[in-house]
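# Commentary on secondary and tertiary structure
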Amino acid sequence: MKFTHRAEYPAAPDVVFAQMCDQEFQDAKCDATTTGTWTADVSTTGDRAVVSTERVLPTDGLPDIARSFVGESLTIVEVQTWGPPAPDGSRTADLNLHVKGAPMTLKGTIRLSPTASGSLHVLDGELRAGVPLIGGKLEKAAADPLMFAARTETDLLRQRVG
């Protein structure tokens, strides 16, 4: 299932990227997107960065079919591996997200590009649940919480760079 999220920010890509790689921002993002435990880590080497988070989420808001498959909680592991800036200031990251103990993944790219008024942030990925017969239902069930998390991150970034 295709998963896409787009957001615009009133700041240049380098400003948005710096905020995305700020440990305090990642802590706030995790705190805002889970009621369970979480960890966040940002590591940089030169002009490259890796942002890793692990969040434990309750499944009480998921449909019965999804809850019966993953249990009372699920652990989402997300890794964004950012490359160096292009000459125009844009950046691209590989996105790998998976649910521990379940065959569900979101793999794709994140692009942060300059616009006339600031930046455009685009996440394009493929959400997959490798479960015969019910995989499509699980993908649809997971899409809403993932979109909520993406919108929450967008709102937090806008508050910090706007």
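Each remark here, short or long, concerns the structure printed above.
In short, a report on the structure. This structure is a prediction, so every number in the text was calculated from the model and none was measured.

This part takes up the sheet that holds strand S6 (residues 104–115). Taken together, the seven strands give an open sheet; going across it, the order is S1-S7-S6-S5-S4-S3-S2, and neighbouring strands pair in antiparallel fashion. Looking at strand neighbours, the two that pair on one side only are strand S1 (2–9) and strand S2 (38–45), the edges of this open sheet. On average, each strand axis in the sheet is tilted by 15° relative to the strand beside it, whichever way the strands run. Packing against the sheet, helix H1 (residues 13–20) makes contact with S1, strand S3 (48–58), strand S4 (73–82), strand S5 (91–99), S6 and strand S7 (118–129), and its axis sits at approximately 145° to S6. The sheet strands contacting helix H2 (residues 23–33) are S2, S3 and S4, and the helix crosses S2 at an angle near 155°.

Once that is clear, we can look at the pairing of S5. It is a general feature of regular strands that their side chains alternate between the two faces of the sheet. On S5, burial follows the alternation: Arg91, Ala93, Leu95, Leu97 and Val99 on one face are buried, whereas Thr92, Asp94, Asn96 and His98 on the facing-out side are not. Where S4 and S5 come together, seven bridges link them in antiparallel fashion. Bridging from a neighbouring strand, Val79 pairs with Asn96 of S5. When S5 meets S6, the two strands line up antiparallel, connected through eight bridges. Among the inter-strand pairings, Arg91 is bridged to a residue of S6, identified as Leu112. A loop of four residues connects S5 with S6, the two strands running antiparallel in sequence, and Gly101 in this loop sits at a positive phi of about 75°.

With that settled, the discussion passes to the packing of H2 against helix H4 (residues 135–161). Relative to each other, H2 and H4 sit at 140°, their axes nearing to 10 Å. Here H2 lies oblique to H4, going by the angle between them. Of the two elements, H2 crosses H4, and the hand of that crossing is right-handed. Contact residues: H2 offers Glu24, Phe25, Ala28, Lys29, Ala32 and Thr33, while H4 offers Phe148, Ala149, Thr152, Glu153, Leu156, Leu157 and Arg160. A breakdown of the residues in the contact of H2 with H4 according to their chemical character gives seven nonpolar, two polar and four charged.

All right, on to the packing of aromatic side chains then. Here the structure, examined in full by the defined rule, presents one aromatic pair. When the centroid spacing of 5.4 Å and the interplanar angle of 70° are considered together, the rings of Phe17 and Trp82 count as edge-to-face. Here Phe17, found in helix H1, pairs with Trp82, found in strand S4; they are 65 residues apart in sequence, far enough to count as distant. The burial state of Phe17 is the same as that of Trp82; both residues are buried. Sitting above the plane of the Phe17 ring, Arg91 keeps its charged end 3.8 Å from the centroid.

What counts, and where the lines are drawn
Residues numbered from 1 in each chain as written. Predicted model: local features only at pLDDT ≥ 70, side-chain atom pairs only at ≥ 80, totals over all residues. Heavy atoms only, no water. Pairing = 2+ DSSP bridges. Helix = DSSP H or I, 4+ residues; strand = E, 2+ residues; numbered from the N terminus. Axes fitted to C-alpha atoms, helices over the stretch in contact; angles between N-to-C directions. Contact = heavy atoms within 4.5 Å. Buried < 20%, exposed > 50% of the residue type's maximum accessible area, 1.4 Å probe, protein only. Parallel < 35°, antiparallel > 145°, perpendicular 65-115°, else oblique. Left-handed = near helix turned anticlockwise from the far one by under 90°. Nonpolar A, V, L, I, M, F, W, Y, C, P; charged D, E, K, R; others polar. Phe/Tyr/Trp six-rings, centres within 6.5 Å; stacked < 30°, edge-to-face > 60°. Lys NZ or Arg CZ within 6 Å of the ring centre and 35° of its normal.

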